[in-house]
Amino acid sequence: MHIDPMLVAACFGIGIVVGLTGMGGGALMTPVLVIFFNVPPLTAVSSDLVAAAVMKPVGSLVHLRRGTVNLDLVKWLCVGSIPAAFGGVFLIRALGHSEDVQAIVQKALGIALLVAAGGLAVRAYIRLVERARKRDGLLPPLPTDRPDVAVRKAPTILVGAAGGLIVGMTSVGSGSLIIIALMALYPALKASQLVGTDLVQAVPLVASAALAHILFGDFQLSLTASLLLGSIPGVWIGAQLSSRAPGGVVRRALAFVLLASSLKMFGVSNAVTVYVLVVTLFIAPIAWMVIRRRHGYPALGGRRLRGWMSKDRTAGDQARVGSS
């Protein structure tokens, strides 16, 4: 078995990002294998999924012990995701073994990465809107106990099926796409429950896709071993740092990397890729500042500005009370 030290080091860095953000494993690992290590797309997907099947249960056990998992929701997600994950692998294999199949997998991966990057932006916007509505008293206070959520079976099964199909074909989506759909379907869930439920449902989903890739994909044991040697300690270190690192900054950087990776998956030239990234780097912060101001927040989210905003709002409330 050949272990690639450079690949182990790269996976160590990716593991730290996954531990910090709770997402981005397949969305980062697979494009890194394809772009920097010249691994065929189908082989990268197969090996990454098998490695993820080993790592996923660790974080899931933590959330199960803490009681931050909606098991009923997990059940109906798995009803759709497990067979769909198998179906995604069979769909790839049905297309044959030619270079055209590798190209199809690469394009599908590019689409999944682009959607994942957009999903991070949508997730940040939803959180901002929720905070603004709670601040203005338009939403009730956060529940102190675990909220009861009525599971919407049909939409949940569809979300699981769509996520399973994407994961089976690209290895992307078990953590970065499905959680966005859960936020939209079940806004009453606390953040810890969203993460816990998503992690637990991802275990059988990824295991199903990994088993299908071992049987019918292009799994390589030495490649998977390198992934695990680097990513497992990286995830542990990232999890330890997650309480200290600015999560918002890390997620913005992750979205930027996902955008760059998706462009390369589509075969975009380096010049065009740099141009798109520079434009995004210039426009995205300005757009986010405008969105923050529209929801009553300062353009920049530093601690001093938040303190100023709180004092300003308190003074305004006192003035309104005095005038009444």
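Everything that follows concerns the structure shown earlier in this document.
Residues numbered from 1 in each chain as written. Predicted model: local features only at pLDDT ≥ 70, side-chain atom pairs only at ≥ 80, totals over all residues. Heavy atoms only, no water.

*Asks:* If you had to explain the overall build of the protein chain to someone new, which residues and values would you point to?
*Replies:* Along the protein chain, the regular secondary structure elements total twelve helices and zero strands. Listing each helix as α and each strand as β along the protein chain from the N terminus yields α-α-α-α-α-α-α-α-α-α-α-α. Looking at the protein chain as a whole, 42% of its 324 residues qualify as buried. Within the protein chain, residue pairs in contact and separated by at least 24 positions form 83% of the contacts whose partners lie at least 6 positions apart. With the model as given, the accessible surface of the protein chain reaches about 16,400 Å², and the carbon-plus-sulfur share is 68%. (Helix = DSSP H or I, 4+ residues; strand = E, 2+ residues; numbered from the N terminus. Buried < 20%, exposed > 50% of the residue type's maximum accessible area, 1.4 Å probe, protein only. Contact = heavy atoms within 4.5 Å. Areas by Shrake-Rupley, 256 points an atom, 1.4 Å probe, with all protein chains shown as cover.)

*Asks:* Summarise the packing of aromatic side chains; cite the residues concerned and give the values.
*Replies:* Per the counting criterion, the structure on display carries two aromatic pairs. Their ring planes at 35° and their centres at 6.1 Å tell us that F86 and F90 sit as a pair that is tilted. Separated by four residues within a single helix, F86 and F90 lie in helix α4 (residues 71–94), roughly one turn from each other. Residue F86 is classed as partly exposed on the basis of its relative accessible area, which comes to 23%. In this structure F90 comes out as partly exposed when scored by relative accessible area, which is 40%. Between the aromatic rings of F90 and F216, the centroid separation amounts to 4.8 Å while the plane-to-plane angle is 50°, which identifies the pairing as tilted. One end of the pair, F90, is in helix α4; the other, F216, is in helix α8 (residues 191–216), with 126 residues separating them in the sequence. Ring pairs connect the aromatic residues F86, F90 and F216, which therefore count as one cluster. One residue, R131, lies across the ring of Y297, its end atom 5.9 Å from the ring centre. (Phe/Tyr/Trp six-rings, centres within 6.5 Å; stacked < 30°, edge-to-face > 60°. Lys NZ or Arg CZ within 6 Å of the ring centre and 35° of its normal.)

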